[in-house]
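Residues per chain, in single letters:
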2 protein chains.
Amino acid sequence: MSKVLVVDDEPQIVRALGIHLRARGWEVVTAGDGTEALAVADASAPDVVVLDLGLPDLDGVDVITRLRARSAVPILVLSGRSDSADKVDALDAGADDYVTKPFGMDELLARLRVMLRRSTPVEAGDAVEFGRVRVDLAATRVTVDGSEVRLTPTEWHLLEVLVRHPGRLMSQSRLLTEVWGPGYETAHGNLRLYMAQLRRKLEADPARPVHFRNEPGMGYRFEP
Amino acid sequence: MSKVLVVDDEPQIVRALGIHLRARGWEVVTAGDGTEALAVADASAPDVVVLDLGLPDLDGVDVITRLRARSAVPILVLSGRSDSADKVDALDAGADDYVTKPFGMDELLARLRVMLRRSTPVEAGDAVEFGRVRVDLAATRVTVDGSEVRLTPTEWHLLEVLVRHPGRLMSQSRLLTEVWGPGYETAHGNLRLYMAQLRRKLEADPARPVHFRNEPGMGYRFEP
DNA sequence: CGGGTTCCTGACAACTTCCTGACGCGTCCG
DNA sequence: CGGACGCGTCAGGAAGTTGTCAGGAACCCG
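Residues numbered from 1 in each chain as written. Chains lettered and ligands numbered in written order. Predicted model: local features only at pLDDT ≥ 70, side-chain atom pairs only at ≥ 80, totals over all residues. Heavy atoms only, no water.

(A) Highlighting unusual backbone geometry. At the junction of A:Lys101 and A:Pro102, the peptide bond is cis and its omega measures out at 0 degrees in the coordinates. Considering the arrangement of structural elements, one finds A:Pro102 in the loop between strand 5 (97-100) and helix 5 (105-118). Its identity as a non-glycine residue notwithstanding, A:Asp145 has a phi of 55 degrees, on the positive side. Its place among the elements puts A:Asp145 in the loop between strand 8 (141-144) and strand 9 (147-149). The exposure class assigned to A:Asp145 is exposed, which follows from its relative accessible area of 53%. For B:Thr140, which is not glycine, the phi dihedral falls at a positive 55 degrees. With respect to the secondary-structure elements, B:Thr140 resides in the loop between strand 7 (133-136) and strand 8 (141-144). In this structure B:Thr140 comes out as buried when scored by relative accessible area, which is 14%. (Helix = DSSP H or I, 4+ residues; strand = E, 2+ residues; numbered from the N terminus. Buried < 20%, exposed > 50% of the residue type's maximum accessible area, 1.4 Å probe, protein only.)

(B) The interface of chain B and chain A, seen in detail. Taken residue by residue, the interface counts 23 residues in chain B and 27 residues in chain A. If you look at where chain B meets chain A, you find four salt bridges. Linking chain B with chain A are 10 residue pairs in polar contact (both at pLDDT 80 or more), by the criterion used here. The element best represented in the side of chain B that touches chain A is helix 6 (residues 153-163) of chain B, accounting for four residues. When its residues are assigned to classes, the side of chain B that touches chain A shows eight nonpolar, five polar and 10 charged. (Contact = heavy atoms within 4.5 Å. Salt bridge = Lys/Arg side-chain N within 4 Å of Asp/Glu carboxyl O. Polar contact = N/O pair within 3.5 Å; in protein donor to acceptor, adjacent residues only side chain to side chain. Nonpolar A, V, L, I, M, F, W, Y, C, P; charged D, E, K, R; others polar.)

(C) View of the sheet that holds strand 9 (residues 147-149) of chain B. All names here are of chain B. The sheet built from four strands is open, its strands ordered 6-7-8-9 with antiparallel pairing. What marks the edges here is a single partner per strand, and that holds for strand 6 (127-130) and strand 9. Taken over all neighbouring pairs, the strand axes of this sheet differ in orientation by 25 degrees on average, direction set aside. Note: strand 6 against strand 7, four bridges, orientation antiparallel. What sits directly across from Phe130, in strand 7, is Val133. Each of strand 6, strand 7 and strand 8 touches helix 6; the most contacted strand, strand 7, lies at about 95 degrees to it. (Pairing = 2+ DSSP bridges. Axes fitted to C-alpha atoms, helices over the stretch in contact; angles between N-to-C directions.)

(D) Structural context of helix 6 (residues 153-163) of chain A. With eight of its 11 residues buried, helix 6 of chain A lies for the most part within the structure. When we look at burial in helix 6 of chain A, the residues that qualify are A:Glu155, A:Trp156, A:Leu158, A:Leu159, A:Glu160, A:Val161, A:Leu162 and A:Val163.

(E) Here's a closer look at the protein's contact with DNA strand C. Every one of the 17 residues lining DNA strand C counts as a neighbour, but A:Thr152, A:Thr154, A:Trp180, B:Thr152 and B:Thr154 are closest to it. Of what DNA strand C places within 4 Å of the protein, 78% of the atoms are sugar or phosphate. Within the side chain of A:Thr154, one N or O atom sits 2.5 Å away from a phosphate oxygen of DNA strand C. Here A:Tyr194 contributes a side-chain N or O atom positioned 3.1 Å from a sugar or linking oxygen of DNA strand C. Going through the elements one at a time, helix 6 and helix 8 (188-202) of chain A together with helix 6 and helix 8 (188-202) of chain B are the ones with two or more residues in the surface near DNA strand C. Considering only residue class, the surface near DNA strand C consists of nine nonpolar, six polar and two charged. (Near = heavy atom within 4 Å.)

(F) Up close: the protein's contact with DNA strand D. Within the structure, DNA strand D sits among 17 residues, and A:Gln172, A:Arg192, A:Arg199, A:Tyr220 and B:Arg199 are positioned closest to it. One of the side-chain nitrogen or oxygen atoms of A:Gln172 is found 2.5 Å away from a phosphate oxygen of DNA strand D. A:Tyr220 places a side-chain nitrogen or oxygen 2.6 Å from a phosphate oxygen of DNA strand D. Only helix 8 of chain A together with helix 8 of chain B provide two or more residues apiece to the surface near DNA strand D. Across the surface near DNA strand D, the residue classes tally to seven nonpolar, six polar and four charged.

And the structure:
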């Protein structure tokens with residue numbers, strides 16, 4: 001049985017979600033604001049989080065960032081406005097998907113199932129191989145053609161974030177917040193620099209990257 | 001069996017629609033004005049709503065807004081006046097499609113089937129396929145015949161908005177505000193440009209689009 | 001304290017994307 | 001029949017991004 005944490009400040013929404021989710025066999029824990037959400041997430045380790053962006057105490061994006069700092073739990077965002085700006089911000093901060101209110105219950109349940117099925121993209125402890133590179137996540141070790149390559153801490157952190165989401169586009173802001181922490185969303189120059197170093201150390205032809213690709217204006221993508 | 005709510009102030013239209021719909025296996029509930037419509041919608045939770053804009057008590061757009069505040073039920077608008085302004089307003093308020101009176105019964109039934117199909121099975125989780133195109137919303141990736149197609153940020157935003165509302169007629173102002181943000185409601189030239197680029201990249205014959213169709217004066221519609 | 005490593009900042013050229021305006025074509029309506 | 005309107009298309013310049021380099025500050029460790 002999977003556990004879901006529902007965070008919303010409107011009690012009727014929490015109640016309605018709880019009823020439907022329990023009817024489908026989920027175990028449900030709830031929170032009414034951001035502070036409570038963080039506490040409950042720590043205490044009960046949910047498998048997935050449903051988070052309303054419009055909370056009374058904390059900014060929704062803030063909550064996402066702090067959840068991300070602790071675990072890789074999938075986050076589904078409920079967005080009140082159909083305005084796209086806050087959705088983009090949420091995704092950048094680390095949310096995995098979003099649904100705009102008003103939403104159909106079936107749609108939400110379907111998305112939750114998908115997220116759960118896809119959760120933990122790459123487990124810690126696994127090793128990822130691509131080209132002539134082998135990344136051992138458990139041992140914190142990288143080898144190219146069998147010989148070890150030394151990475152600085154920042155390089156390693158960046159590589160880890162990318163490798164844990166194979167094939168997925170990661171926006172600059174998301175990479176920055178995950179590697180450097182909240183507050184560095186604008187240090188683009190930094191990201192460019194370390195991406196270049198990763199490519200220099202891991203790509204066969206750093207000028208023509210195959211595994212660490214950039215999509216102009218959108219972000220970077222790791223391709224195994 | 002699916003349930004449809006028919007809202008119209010002319011009894012003969014309600015009766016005629018009821019007969020045809022029941023003959024096709026629909027369960028039908030009715031309302032004669034806006035207030036009743038809202039009450040019946042709450043009480044019987046229809047799968048789709050057919051709504052005449054010219055109601056005696058409430059403005060049609062008002063009814064749509066209030067329905068939308070409660071659920072994501074698809075709304076098909078019946079417009080009596082050939083004036084197109086109110087139709088656009090209805091779409092902006094959240095209607096999914098419209099039919100102009102006098103209408104053919106076959107056309108209305110066909111539209112209803114489309115709306116129902118889009119709402120029940122839900123988008124297939126995080127990937128949408130149509131023709132030879134596959135849109136992976138989670139990975140932010142588009143492929144045609146298996147080979148990747150690169151989209152610019154604006155192209156991707158536009159595609160995402162369209163794809164998340166399959167079969168639905170999206171007004172130009174809505175597309176503009178969702179993709180470019182509030183304040184760009186009049187930048188129609190922009191929308192035409194990027195719609196053309198999407199078609200060039202995704203349609204088999206960009207000059208004769210099948211999946212990204214335009215309805216003159218209204219907006220654009222994505223058909224899977 | 002010194003040597004080596006790591007991290008950050010600022011600059012530049014090459015590139016991509018975005019916007020604007022103009023033109024042609026078809027439809028609709030007077 | 002002519003004009004207005006909306007739509008699709010094209011091209012050019014403005015604006016923003018990215019890869020890259022070099023230099024200096026901060027850090028760690030012996």
